[in-house]
Amino acid sequence: MDNKAALYHAHIYYEPENRTIAEILHFRLSELTKPGDSSPIHFIGQLRDSKVIPHPIPQFVIHIAKENFEAVLPIIASSGLRALVHPLSGDDLADHTISAQWIGEPLELELASFRPSGAH
């Protein structure tokens, strides 16, 4: 998919005690990843068992085309895991805050390293 602005990023969080649930969800979402632009999931990352700033707990990421939200977000929600979903606009601070939506209980992110778009 060439239009990066049409992509959304979902960070799907898990605790060590619910890693198995994350593995099952990861597998389920990977089944939706197909070659080409028509795939509901354009990318699925590895389970990361430690924090990766700005994310305070383990997580994995997926890239979703905006037109596939209706199909993918309920799958994430049905897992019982929390997720942060945001656009990939190039403004990481806005993407992770004012442009983001949460599935489940929000986490406090470590945002100090992000600068607003255009800031030097």
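Residues numbered from 1 in each chain as written. Predicted model: local features only at pLDDT ≥ 70, side-chain atom pairs only at ≥ 80, totals over all residues. Heavy atoms only, no water.

Overview of the environment of Gly104
Point 1. Tracing the chain through its elements places Gly104 in the segment after strand E5 (101-103).
Point 2. Relative accessible area serves as the criterion here: at 51%, Gly104 is assigned to the exposed category.
Point 3. Sequence spacing of Gly104 and Gly80 is 24 residues, and the spatial spacing of their C-alpha atoms is 7.6 Å. (Helix = DSSP H or I, 4+ residues; strand = E, 2+ residues; numbered from the N terminus. Buried < 20%, exposed > 50% of the residue type's maximum accessible area, 1.4 Å probe, protein only.)

Observations regarding the nonpolar core
Point 1. One finds Ile12, Leu29, Phe60, Ile62, Ile64 and Ile76 to be the most contacted residues of the largest nonpolar core, which totals 22 residues.
Point 2. Contributing elements (two or more residues each) for this core: strand E1 (7-13), helix H1 (19-30), strand E2 (41-44), strand E3 (59-65), helix H2 (69-78) and strand E4 (83-87).
Point 3. When residues of this core are assigned to their parent elements, the largest contribution, 5 residues, is made by H2.
Point 4. Ignoring anything within four residues of it in the chain, the contact list for Leu29 reads Ile12, Ile41, Ile44, Phe60, Ile62, Val72, Ile75 and Ile76.
Point 5. In terms of nonpolar packing, the next biggest core, distinct from the first, is built from 5 residues, Tyr13, Ile57, Leu84 and Leu109 among them. (Core = buried A, V, L, I, M, F, W, Y, C linked by side-chain atoms within 4.5 Å. Contact = heavy atoms within 4.5 Å.)

What to know about the pairing of E1
Point 1. Counting buried positions over the 7 residues of E1 gives 7, a clear majority of the element.
Point 2. Of the two faces of E1, the one carrying Leu7, His9, His11 and Tyr13 and the one carrying Tyr8, Ala10 and Ile12 are both buried.
Point 3. Strand direction decides the pairing type here: E1 and E3, joined by 7 bridges, are antiparallel. Considered in E3, the bridge of Tyr8 is made with Ile64.
Point 4. Both E1 and E4 contribute to a ladder of 5 bridges, which runs antiparallel. Counted as the bridge partner of His11 is Leu84 from E4. (Pairing = 2+ DSSP bridges.)

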